[in-house]
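Structure assessment
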Amino acid sequence: MLAWLIALVVATACLALLAAWLWLPARQRIAREHGLSALADMHWRDFAHIVRRALIEKRGMQVIDDSEHTAGEPSADWLMQHNAQPWLVSCKHGLSYRIGEAAVVELGTKIRLAGAHGGLLLTQGTVSREGRELAARHRIEIIDGPALWSLLHPYLPGELESNASQHAQRTTIRRTGIAALGCLAIGLLTGIGLDSMTGTAADTAGQRPAAPSAAAQGSSAQQPAAQAAKTPATLPDALAVEEDASQWLVDGIDIRVQNPDPALLRRYQQQVSRLLASTAGLHSAIWMTQTTVTVDRDVDEVRAMELICPVLHRYPSLRTVRVQLNPRVGTQEQVRWRQCSIN
């Protein structure tokens, strides 16, 4: 009887925990995903209007120039003012967007050309980890997923928000029923298991393990000596080799391959772009071709090459690539092509 009482408690606790999770965070997530999908299906003009209204009322921003949005289709980028500073707002409307480094670099260039203090990037799509890290360096705030839903849902049409809530409720009810069946099965298995253990406990209570034989004791005594004999004497040397090889691993990838295949070469190039973009004095590094990388910079030509070449020299397959140095913003410099190594 005690076994089945324990099983009932286990099933009840299981259902209570799952129900709490399904009706609180999981339900909110379902409503948010359905609402973001409905936002993606909206007409671009309606979506832009909701974004502008939300930024004005919740962020205290002001429209600088409304001429592009009063006639024809609105632009995906527009300027707004916050704390007497211009900000460039960019919307990527649609669930299919995957924002990477290239899109963030492009927006950063637009921000500099527009003379804006920073930027806001709003999207129903997803943003890669590299894109988020690069956005922070360009003063770009990314609003997506939960943050986008929290910003916009008070301004949605009542029917759209109601549909999202009703969809979340129906889905949660269905999943709660499935969870109840699963917890019932767990309770039954627990009761059967405990009942079986109780029935066999009396049979095993009087049994004692047999004393080990002399032969078994001798065998056990010999095991430590045998294991010691199998231990390699060159373990410190092996550790030294492993430690030395670790300097050639970047993100778990060996960078010493002289002639990598196209896929591995692309991984090398992505690593170099990320390393250079995160270096103080350099804005970005984008591969125009397999043998040419273009770099935006804040420092002079000599200092830029001092920052770039040590990174390229670590990759034997990339040491001879051409480096295109773009002119610094606000200068009359010309585009320069340089090379860290000839062979």
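The protein chain carries the name Restriction endonuclease type IV Mrr domain-containing protein in an unreviewed UniProt entry, which gives Stenotrophomonas ginsengisoli as its organism.

Our focus in this paragraph is the overall build of the protein chain. Scanning the protein chain for helices and strands turns up 11 helices and 13 strands. Residue burial in the protein chain is summarised as follows: out of 343 residues, 35% are buried. The long-range share in the protein chain, meaning contacts at least 24 apart out of those at least 6 apart in sequence, stands at 62%. Here the protein chain has roughly 20,400 Å² of accessible surface; of this, 57% comes from carbon and sulfur atoms.

Moving on, we get to the pattern of salt bridges. Inspection of the entire model under this criterion finds 13 salt bridges. A salt bridge links D77 to K110; its shortest N-O distance comes to 2.9 Å. With a gap of 33 residues between them, D77 in strand β2 (residues 77–82) and K110 in helix α4 (residues 101–114) connect regions that are remote in the sequence. Since its relative accessible area comes to 17%, D77 is described here as buried. The class for K110 is partly exposed, based on a relative accessible area of 33%. For E306, the salt bridge identified is with R303, shortest N-O distance 3.3 Å. With a gap of three residues between them, E306 and R303 both fall in helix α11 (residues 301–313), about one helical turn apart.

In this section: the sheet that holds strand β7 (residues 140–144). Taken together, the five strands give an open sheet; going across it, the order is β1-β2-β3-β5-β7, and neighbouring strands pair in mixed fashion. The sheet terminates laterally at β1 (62–63) and β7, the two strands that pair on one side only.

Attention now moves to the state of the cysteines. One pass over the full model with this rule turns up two disulfides. The residue that forms a disulfide with C14 is C183, at a sulfur-sulfur distance of 2.2 Å. Torsion about the S-S bond of the C14 and C183 cystine: about -65 degrees, corresponding to left-handed handedness. Of this pair, C14 sits in helix α1 (residues 2–41) while C183 sits in helix α7 (residues 158–205), and the two are 169 residues apart along the sequence. Like C14, the residue C183 is buried in the burial classification. The disulfide partner of C309 is C340, and the gap between their sulfur atoms is 2.1 Å.

Right, let's get into a nonpolar patch on the surface. Together, M1, L2, L5, I6, V10 and I186 make up an exposed nonpolar region whose accessible area comes to about 580 Å². A total of four residues in the nonpolar patch trace back to one element, the largest contributor, which is α1. By the secondary structure assignment, M1 is in the segment before α1.

The angle between the axes and the distance between the axes are what describe a pair of packed helices. Packing of helix α2 (residues 44–59) against helix α6 (residues 145–152) leaves a shortest axis separation of 9 Å and a crossing angle of 80 degrees. By the angle between their axes, α2 is roughly perpendicular relative to α6. When α2 is examined against α6, the residues F47, I50, V51, A54, L55 and K58 are found in contact with a partner set consisting of S150, L151 and L152. Split into classes, the residues belonging to the contact of α2 with α6 amount to seven nonpolar, one polar and one charged.

We now examine the environment of R322. Here R322 lies in strand β12 (residues 322–325). When the C-alpha atoms of R322 and W337 are compared, they prove to be 6.5 Å apart, with 15 residues separating the residues in sequence. Discounting chain neighbours no more than four positions away, the residues touching R322 are T291, T292, V293, W337 and R338.

Let us now look at α2. For α2, spanning 16 residues, the distance from its first C-alpha to its last is 21 Å, which sits close to the expected 22 Å at 1.5 Å a residue. Regarding α2, the residues found buried are W44, F47, A48, I50, V51, R52, A54 and L55.

Reading the values: the criteria
- Within any chain, residue numbers begin from 1 and follow the written order of that chain's sequence.
- In view of the model being predicted, local features appear only for residues whose pLDDT reaches at least 70, and side-chain atom pairs are presented and counted only at 80 or more, with totals across whole chains, interfaces and linings using the full set of residues.
- In computing side-chain values, all of the structure's heavy atoms are included and hydrogens and water are not.
- The helix and strand labels rest on DSSP assignments: H or I over at least four residues marks a helix, E over at least two residues marks a strand, and numbering proceeds from the N terminus.
- The classification of residues rests on relative accessible area computed with a 1.4 Å probe and restricted to protein chains. Under 20% of the type maximum is buried, over 50% is exposed, and intermediate values are partly exposed.
- Any pair of residues with heavy atoms lying within 4.5 Å of one another is described as a contacting pair.
- For accessible areas, the Shrake-Rupley method is used with a probe of radius 1.4 Å. Any residue's cover is judged against the shown protein chains and nothing else.
- Whenever Lys or Arg places a side-chain nitrogen within 4 Å of a carboxyl oxygen from Asp or Glu, that contact is recorded as a salt bridge.
- Should DSSP find at least two bridges between two strands, the strands are regarded as paired.
- We call a pair of cysteine sulfur atoms a disulfide when they lie within 2.5 Å.
- Each patch is assembled from residues with relative accessible area greater than 30% and no salt bridge, linking like charges that lie within 9 Å and nonpolar side chains (Val, Leu, Ile, Met, Phe, Trp, Tyr) that lie within 5 Å.
- Lines fitted to C-alpha atoms define the axes here, with helix axes fitted over just the stretch in contact, and angles between the N-to-C directions of these axes take values from 0 to 180 degrees.
- Note on terminology: angles under 35 degrees are roughly parallel, angles over 145 are roughly antiparallel, angles of 65 to 115 are roughly perpendicular, and the others are oblique.
- Residue polarity is assigned by list, with Asp, Glu, Lys and Arg as charged and Ala, Val, Leu, Ile, Met, Phe, Trp, Tyr, Cys and Pro as nonpolar; anything else, Gly included, falls into the polar class.
- One fewer than the residue count of a helix, multiplied by 1.5 Å, yields its expected span.

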